[in-house]
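Each chain, written out:
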Amino acid sequence: MQLLASSLDCLTEQDLCALFAITPGTAEAWRKRRKGPAYALVGNRVLYPRQSVREFMERQIRGGESTLGAALL
């Protein structure tokens, strides 16, 4: 799945959980509440387009300017 996600310029749910230090249950709750980044279902797998994760991260920044490293995403 990791190879497929990378080829589609996406993150897996596991990647998202590691990035935000959340559990899969929290990721699922975000999807249900439409709180987290946009996602796509591929079969029964959840993929998060890198661009939507970037945009979500930008919305989480409080005070000051964004200093997100391009290498993270």
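Up top is the structure.
Read on for an overview of the structure. (Residues numbered from 1 in each chain as written. Predicted model: local features only at pLDDT ≥ 70, side-chain atom pairs only at ≥ 80, totals over all residues. Heavy atoms only, no water.)

### A closer look at helix 3 (residues 24-33)
Cut-off, in case you're wondering: Exposure is judged per residue with a 1.4 Å probe applied to protein chains only, and the accessible area is read against the type maximum: over 50% gives exposed, under 20% gives buried, and values in between give partly exposed. Strands here mean DSSP runs of E at least two residues long; helices mean DSSP runs of H or I at least four residues long; both are numbered from the N terminus. By definition in these notes, contact holds between two residues if any of their heavy atoms fall within 4.5 Å.
Restricting attention to buried positions, one finds in helix 3 the residues Ala-27, Ala-29, Trp-30 and Arg-31. Packed against the buried residues of helix 3 are helix 2 (13-20), strand 3 (45-49) and helix 4 (50-60). Where helix 3 ends, the next residue or the one after it, Arg-34, has phi of about 55 degrees, a positive value.

### Quick notes on the nonpolar core
What counts is decided by this rule: Among buried residues, the Ala, Val, Leu, Ile, Met, Phe, Trp, Tyr and Cys ones that are joined through side-chain atoms within 4.5 Å form a nonpolar core.
Core analysis: the largest hydrophobic core is formed by eleven residues, namely Leu-11, Leu-16, Cys-17, Ile-22, Ala-27, Trp-30, Val-46, Tyr-48, Val-53, Phe-56 and Met-57. Elements with a minimum of two residues in this core: helix 2, helix 3, strand 3 and helix 4. For this core, the element with the most residues is helix 4, which contributes three residues. Contact partners of Leu-16, with chain neighbours within four places excluded, come to Ile-22, Ala-27, Pro-37, Tyr-48 and Val-53.

### Digging into the side chain of Thr-12
Structurally, the position occupied by Thr-12 is in strand 1 (residues 10-12). When near neighbours in sequence (up to four residues on either side) are disregarded, Thr-12 contacts Met-1, Gln-2, Ala-5, Val-46, Leu-47 and Tyr-48.

### Some points on the sheet that holds strand 1
Stated formally: A pair of strands is considered paired only if DSSP assigns at least 2 bridges between the two. The convention used is that axes are lines fitted to C-alpha atoms, helices contributing only their stretch in contact, and that angles between N-to-C directions extend from 0 to 180 degrees.
As summarised here, the arrangement of the three strands in space is 1-3-2, forming an open sheet in which the pairing is antiparallel. At either margin of the open sheet sits one strand with a lone partner, and together these are strand 1 and strand 2 (40-42). Sheet twist, expressed as the average angle between the axes of neighbouring strands with direction ignored, equals 40 degrees. Of the strand pairs in this sheet, strand 2 and strand 3 are connected by three bridges, and their pairing is antiparallel. Paired with Leu-41 across the strands is Val-46, a residue of strand 3. Lying on the sheet, helix 4 is in contact with strand 1 and strand 3; it crosses strand 3 at an angle near 65 degrees.

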